[in-house]
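# Inside the fold
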Amino acid sequence: MEKKIYERPHIVKLDTGMPGKFGMRNDAPPTTHIDGVSVKELVDKFGSPLFVISEHTIRSTYHKAYKAFSTRYPKVQFAWSYKTNYLPAVCNVFHQEGSWAEVVSGFEYDKALANGVDPGKIIFNGPGKSSAELKKAAENGSLIHIDHLDELYMLTDLAGDMKRKPLVAIRVNMDTGIYPMWDRFGFNYENGQAWDALNKIMLSGKLELAGLHTHIGTFILGANAYGVAASKLADLALGLQQKFNHTIRYIDMGGGFASKNTLKGSYLPGADTNPTFDDYAEAITTALVNSGFKPENLPMLILETGRALIDEAGYIITSILANKRLSTGRRATIIDAGVNLLFTAFWYQHPVTPAQGFSQYREENTIYGPLCMNIDCVRESINLPLLNKGDKLVIHYTGAYNLTQWMQFITLRPNVVMIDPDGMVHLIRQNESIDTVCTPENTPQYLQGVK
Amino acid sequence: MKINENLAISESGFLFNPSTGESFTVNPIGAEILELMREGKTEAEISESIIRSYEVDSKTLQKDLHDFSEVLRHHQLLDQYEETKN
């Protein structure tokens, strides 16, 4: 006789309160396949935990975003935010789709060059550019976004020895009616710093002012803030036209669009409530087309959105290491992927689904990672089926920031694979070995061979 | 380990405790174990019966049975007399 599938015995007290408006389904349909590839086969071949990137999702999300803007505005250009995910395979999908590169360090700049990006299509942001990095970017004809006056003066000095004028924009911070107001990047609009910096650039004669940039914040849940920001940049651009008869080539609205993730403390899932690309596009393009630009002088609209383009394309497959009860009787599950791999677990309630079918019984769980650190909590509270040791889970919406902010901490980092649109699986980053960590280390002679 | 004799357990896994008025839902394997407990089977006999019909090893089952009985005790579903004897 064939034995029945085992599920641990489970009893739960029925406690029916009044129905609330926030009542949600709490069952999670299993994720047995990602883009048609079996999760079990992925783990058998590449191990657990495993990062999985869906190329199909990247491309379709990009198409959605591009369509939202290009149907509302004539000149639209996306620039892939390297810090969000700079694995070359991921960057090159965006570059194939037509994205430029947006980098914030010399390291990222070199990565973009190594990926084959035309230097003239690299936007160099960030508050910490060195003199050598500025010189290289300027001589290559990249677009340098100036963050502060010290950088402006350094670049003006460097420009004296150059054959071509550095192409620049300034970064502008401003009050867009949201909290917190990000004022650490660039020059402030309201107190006149931005206008002052623009005047200095125009009067120096050594720099070519190509555009204006802003980055109003991150995970912005109110699309209208972008409309305010676009109006203020348009105001600066029109001021330049009036005073210097200078037409800027582009307005760069930065990033900060929310993905479908759910911020901690939210009542409803982000997938249902966060603004869509259409919401952001409507706010930005309406502000620009309604401003005083003449139709023939409308600047190119650049968007550096990262998170919203890649989050949904990323998954982590993870295995159950153990389940136990806490002192309160609460169920806790320990998995092999912790905050070392899932940095964003500090901000989001990532959706987590089983990778195999289960009965309808659910239990409230806390999910912990494998690190011997109290902070290693992936979900404080989630309803999950009655999982056994060895079962697999799939963590969703992990494509943004985790593959750049992950930590080599306590343990090594795992394989990363990409599934192409034909369902072929490609290893795009090899898992680490002890040599990855130990090779750059050096032990003085007298401390070697300690017994 | 014996369950409270007053408990009403339906085939669909609905459990009612008339002494407290509390209701519970139990999964099929849990209901099977409760039935074996009601019949007065020992822990070893219950394990043997479950291992015979389910794909589970004895260590996993032992851990889960222990956990299950702790939850039953917490909800006062075990026979009080039997409990005091222990």
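This structure is a prediction, so every number in the text was calculated from the model and none was measured.

### What about the overall build of chain A?
Counting its regular elements, chain A contains 13 helices and 21 strands. The C-alpha radius of gyration computed for chain A amounts to 25 Å, which stays within 12% of the reference 22 Å derived for 451 residues, consistent with globular compactness. Overall, chain A is about 85 × 70 × 45 Å in size when its C-alpha atoms are taken along their principal axes. Excluding contacts between residues fewer than 6 apart, the proportion of contacts in chain A whose partners are at least 24 apart in sequence is 69%.

### Notes on the overall build of chain B
When helices and strands are tallied, chain B shows 4 helices and 3 strands. In chain B, the succession of α and β elements from N to C terminus is β-β-β-α-α-α-α. The C-alpha atoms of chain B give 13 Å as radius of gyration, which agrees with the globular expectation for 86 residues (12 Å, within 12%). Taken along the three principal axes of its C-alpha coordinates, chain B extends 35 × 30 × 20 Å. Classification of the 86 residues of chain B by burial places 22% in the buried group. Restricting to contacts in chain B with at least 6 residues of sequence separation, those with at least 24 account for 44%.

### Looking at the packing of helix H5 (residues 131–139) of chain A against helix H6 (residues 149–159) of chain A
Residues and elements named next belong to chain A. Close contact between H5 and H6 brings their axes to 10 Å; oriented N to C, the two are set at 55°. Classified by the interaxial angle, the pair formed by H5 and H6 is oblique. Pair H5 / H6 crosses with right-handed handedness. Residues Ser131, Leu134, Lys135 and Ala138 of H5 form the contact with H6, whose participating residues are Met154, Leu155, Leu158 and Ala159. Looking at the contact of H5 with H6 residue by residue, the classes come out as 6 nonpolar, 1 polar and 1 charged.

### Let's talk about the domain arrangement of chain A
Residues and elements named next belong to chain A. As far as domains go, chain A holds domain 1 (33–52 + 312–432) and domain 2 (55–311). Every contact between the two is made by 21 residues of domain 1 and, on the other side, 21 residues of domain 2. Listed by contribution, the elements that provide at least two residues to the side of domain 1 that touches domain 2 are helix H12 (402–405), strand E20 (416–419) and strand E21 (425–429).

### Some remarks on the interface of chain A and chain B
Tallying the contact residues gives 17 residues for chain A and 21 residues for chain B. Of the residues assigned to the side of chain A that touches chain B, the class counts are 7 nonpolar, 4 polar and 6 charged. Two elements, strand E1 (residues 11–13) of chain A and strand E3 (residues 22–26) of chain B, share 3 bridges in a ladder whose sense is antiparallel. Note on E3 of chain B: the bridge partner recorded for Val12 of chain A is Thr25 of chain B.

### Re the environment of Leu78 of chain B
By the element assignment, Leu78 of chain B lies in the loop between helix H3 (58–74) and helix H4 (80–85). In sequence terms Leu78 of chain B and Met37 of chain B are 41 residues apart; their C-alpha atoms lie 9.5 Å from each other.

### Thoughts on the sheet that holds E3 of chain B
Pairing is antiparallel in the open sheet, where 4 strands are placed in the order E1(A)-E3(B)-E2(B)-E1(B). At either margin of the open sheet sits one strand with a lone partner, and together these are E1 of chain A together with strand E1 (8–9) of chain B. Across the sheet, helix H1 (residues 28–38) of chain B is in contact with E1 of chain A together with E1 and E3 of chain B; its angle to E3 of chain B comes to roughly 115°.

### Here we look at helix H3 (residues 88–97) of chain A
All names here are of chain A. Those residues of H3 lying buried are Val90, Cys91, Val93 and Phe94. In a view along the axis of H3, the buried residues occupy a sector of 155°, so they form one face of it. Residues of H3 that are buried sit in contact with strand E4 (50–54), helix H2 (55–70), strand E5 (76–81) and helix H11 (307–310). Positioned one or two residues after H3, Gly98 has a phi angle of 115°, which is positive.

### Topic: the pairing of E4 of chain A
Residues and elements named next belong to chain A. Of all 5 residues making up E4, 5 are buried, and the element is well covered by its neighbours. Both faces of E4 are covered, namely the face carrying Leu50, Val52 and Ser54 and the face carrying Phe51 and Ile53. Sheet topology note: the E4/E20 ladder contains 4 bridges and is parallel. Each residue of the ladder has a partner; that of Ser54, found in E20, is Ile419.

### Thoughts on the confidence of the model for chain B
All names here are of chain B. Mean pLDDT over chain B stands at 89; residues scoring 70 or higher make up 92%. Considering each helix and strand of chain B separately, the mean pLDDT is smallest for H4, with a value of 62, and largest for helix H2 (residues 43–53), with 94. Scored as a complex, the prediction yields pTM 0.92 and ipTM 0.86.

### Quick look at the packing of H2 of chain B against H3 of chain B
All names here are of chain B. For the pair H2 and H3, interaxial distance at closest approach is 11 Å and the crossing angle is 125°. When the axis of H2 is compared with that of H3, the two are oblique. Of the two elements, H2 crosses H3, and the hand of that crossing is right-handed. Taking contact as the criterion, the partners of Glu43, Ile46, Ser47, Ile50 and Ile51 in H2 are, on H3, Ser58, Leu61, Gln62 and Leu65. Among the residues making up the contact of H2 with H3, the classes are represented as 5 nonpolar, 3 polar and 1 charged.

Criteria and thresholds
- Residues numbered from 1 in each chain as written.
- Chains lettered and ligands numbered in written order.
- Predicted model: local features only at pLDDT ≥ 70, side-chain atom pairs only at ≥ 80, totals over all residues.
- Helix = DSSP H or I, 4+ residues; strand = E, 2+ residues; numbered from the N terminus.
- Rg over C-alpha atoms; globule rule 2.2 N^0.38 Å.
- Contact = placed C-beta atoms within 7 Å.
- Buried ≥ 20, exposed ≤ 12 C-beta atoms within 10 Å, placed from the backbone.
- Axes fitted to C-alpha atoms, helices over the stretch in contact; angles between N-to-C directions.
- Parallel < 35°, antiparallel > 145°, perpendicular 65-115°, else oblique.
- Left-handed = near helix turned anticlockwise from the far one by under 90°.
- Nonpolar A, V, L, I, M, F, W, Y, C, P; charged D, E, K, R; others polar.
- Domains from an automatic or database assignment.
- Pairing = 2+ DSSP bridges.
- Arc of directions from axis to C-beta.
- pLDDT = per-residue confidence, 0-100.

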